[in-house]
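Fold and geometry: a report
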Amino acid sequence: MKFAFSTLGVPGMPVPDVVRLAAAHGYHGVELRAHPEEPVHPGIGKSERADAAEEFRAAGIEILAVAGYAKVAAADDDEAVRQELAELLHLARDLGAPYVRVFPGGGDQDRAEADATAARRLAAVAPLAADCGVRVLLETHDSHRTGADAIRVLGPVGHPNIGALWDVMHTWLGGEEPVDTHAALSPHLGYVQVKDIASAEDTTPLPLGAGVLPLAEAVELLRDDAWLCWEYEKRWHPGAAELPDLLDAGREQLLRLTARA
């Protein structure tokens, strides 16, 4: 399996420093948080995109995904959401990233309505995703936090360029067993986000293996060529330990998990 970390764990860090961090600590790739707070986001120009892509290429580090914030089930105007998706897809294409992460964001809408909205929007953007050579991954999150929730959207879409991102914390918080999540998502799965927390009431990020999440149970279900991305939520928990100090131990824990699998 291959290992990555998300730049959510190193908020605002310049691209050359992110690349050096990944290379120095033995990670194969990086998930880039595509937000205006960060160096890489849809608002940057062609030269900045080319420079970022070259930094990663020269170091032999892959850009695993562009982690966007589009909410495909949100009660918003379709055109605005489609435009946001298109911008994320073009950014991923320019960077050479195989995936774009999106959220459900259905809020308190009727479940069937939120499902239909998300499916419609993802189906509409699927041809562009195919043209860009990128897969759009719906993360298990917020209104659709389990595999059972996500498959209600992904099943009707039925397009190879639309898939799933399994966030192990959210499926656990949703009360779903890893084996059930995997059964639902495996035909659509892009990659898996791992992390650790103390409890459902305290989601402050912890070093991998120091919390309660069923990481071993999830990893043992995956294919040998799967990507595991450590999403350490430092941006939302500024008092948490610094991610660079944890990366070596985190990689060792990932190696233990994959060896057991």
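This is a predicted model, so every value here is computed, not measured. (Residues numbered from 1 in each chain as written. Predicted model: local features only at pLDDT ≥ 70, side-chain atom pairs only at ≥ 80, totals over all residues. Heavy atoms only, no water.)

With that settled, the discussion passes to the packing of aromatic side chains. Applying the stated criterion across every chain, the model contains four aromatic pairs. With a centroid separation of 5.5 Å and an interplanar angle of 40 degrees, the aromatic rings of Tyr99 and Tyr191 are classed as tilted. A residue pair is termed long-range when its members are at least 10 positions apart, and Tyr99 in strand β4 (residues 99–103) and Tyr191 in strand β7 (residues 189–194) qualify at 92 residues. Under the relative-accessibility criterion, Tyr99 is labelled buried at 14%. Judged by its relative accessible area of 1%, Tyr191 falls in the buried class. Lying across the ring of Tyr69, Arg101 places its NZ or CZ 5.1 Å from the centre. (Phe/Tyr/Trp six-rings, centres within 6.5 Å; stacked < 30°, edge-to-face > 60°. Helix = DSSP H or I, 4+ residues; strand = E, 2+ residues; numbered from the N terminus. Buried < 20%, exposed > 50% of the residue type's maximum accessible area, 1.4 Å probe, protein only. Lys NZ or Arg CZ within 6 Å of the ring centre and 35° of its normal.)

This part takes up the pairing of strand β2 (residues 29–33). Judged by how many residues are buried, β2 sits mostly within the fold: five of five residues are covered. Side chains Gly29, Glu31 and Arg33 project from β2 onto one buried face, and the interleaved Val30 and Leu32 project onto a second face that is buried too. As defined by bridge partners, strand β1 (residues 2–6) adjoins β2 across three bridges and the pair is classed as parallel. Residue pairing across strands places Ser6 opposite Glu31, the latter belonging to β2. Following the backbone out of β1, through helix α1 (residues 15–24) and into the adjacent parallel β2, one traces a crossover that is right-handed. By the bridge criterion, five bridges tie β2 to strand β3 (residues 62–71) in an arrangement that is parallel. Each bridged residue has a counterpart across the sheet, and for Arg33 the counterpart in β3 is Ala67. (Pairing = 2+ DSSP bridges. Right-handed = clockwise from strand over helix to strand, strands pointing away.)

Turning our eyes to something else, we now look at the pairing of strand β8 (residues 227–230). Alternating residues of β8 divide into Trp227 and Cys229 and Leu228 and Trp230, and every residue in both groups is buried. Two elements, β1 and β8, share four bridges in a ladder whose sense is parallel. Following the sheet pairing, Ala4 is matched in β8 by Cys229. Where β7 and β8 come together, three bridges link them in parallel fashion. Bridge assignment links Gln193 to a residue of β8, and that residue is Cys229.

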